[in-house]
Amino acid sequence: MAAALWASSMVILAHGTEPDPIFFYANRTALTLFEIAAEDLIRMPSRLSAEPMERDERSLFLRAVAERNHISDYSGIRISRAGNRFRIAQATVWNLLDAGGTIHGQAACFGQWTPLERTP
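What counts as what
Residues numbered from 1 in each chain as written. Predicted model: local features only at pLDDT ≥ 70, side-chain atom pairs only at ≥ 80, totals over all residues. Heavy atoms only, no water. Salt bridge = Lys/Arg side-chain N within 4 Å of Asp/Glu carboxyl O. Buried < 20%, exposed > 50% of the residue type's maximum accessible area, 1.4 Å probe, protein only. Helix = DSSP H or I, 4+ residues; strand = E, 2+ residues; numbered from the N terminus.

(A) Fine view of the pattern of salt bridges. Scanning all chains against the criterion turns up 3 salt bridges. Between Arg43 and Asp40 there is a salt bridge, with its nearest N and O atoms 2.9 Å apart. Looking at Arg43, the relative accessible area reads 58%, which means it is exposed. Given the relative accessible area of 27%, Asp40 is considered partly exposed. Between Arg85 and Glu51 there is a salt bridge, and its shortest N-O distance comes to 2.9 Å. Here Arg85 is found in strand E4 (residues 85–97), whereas its partner Glu51 is found in the loop between helix H3 (38–41) and helix H4 (55–68), with 34 residues between them in sequence. Across the pair, Glu51 and Arg85 agree in class, each one buried.

(B) Examining unusual backbone geometry more closely. Positive phi, close to 65°, is recorded for Asp73, a residue that is not glycine. Here Asp73 shows up in strand E3 (residues 70–79). When its relative accessible area of 57% is taken as the criterion, Asp73 is described as exposed. One non-glycine residue, Gln90, adopts positive backbone phi at about 50°.

None of this, on its own, says anything about what the molecule does.
Now the structure itself:
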């Protein structure tokens with residue numbers, strides 16, 4: 001299963017439950033799209049995957065996921081480490097729950113994105 005997740009053409013990402021959640025997983029497609037090495041991503045707060053003006057909307061969305069456990073068909077604008085912007089579409093985001101229902105993070109998966117112009 002781990003090899004299939006790593007090689008998937010879908011972007012798969014996950015972050016923890018810290019006050020400023022840190023990514024702890026990204027597959028090869030995610031690392032390529034976000035233009036970042038795995039060792040840098042696992043130290044990066046996930047909020048930095050969105051531009052500053054997009055972060056409030058992203059935060060509200062993630063709170064909704066926390067309450068509902070799962071949301072599909074999300075779209076939003078994200079930015080790579082190199083500053084390249086793109087719109088994600090039809091993303092599914094869900095809580096990572098243990099058998100007792102405790103949330104240990106959130107994960108996202110999407111296969112559609114469109115490059116956007118760079119912000120000057």
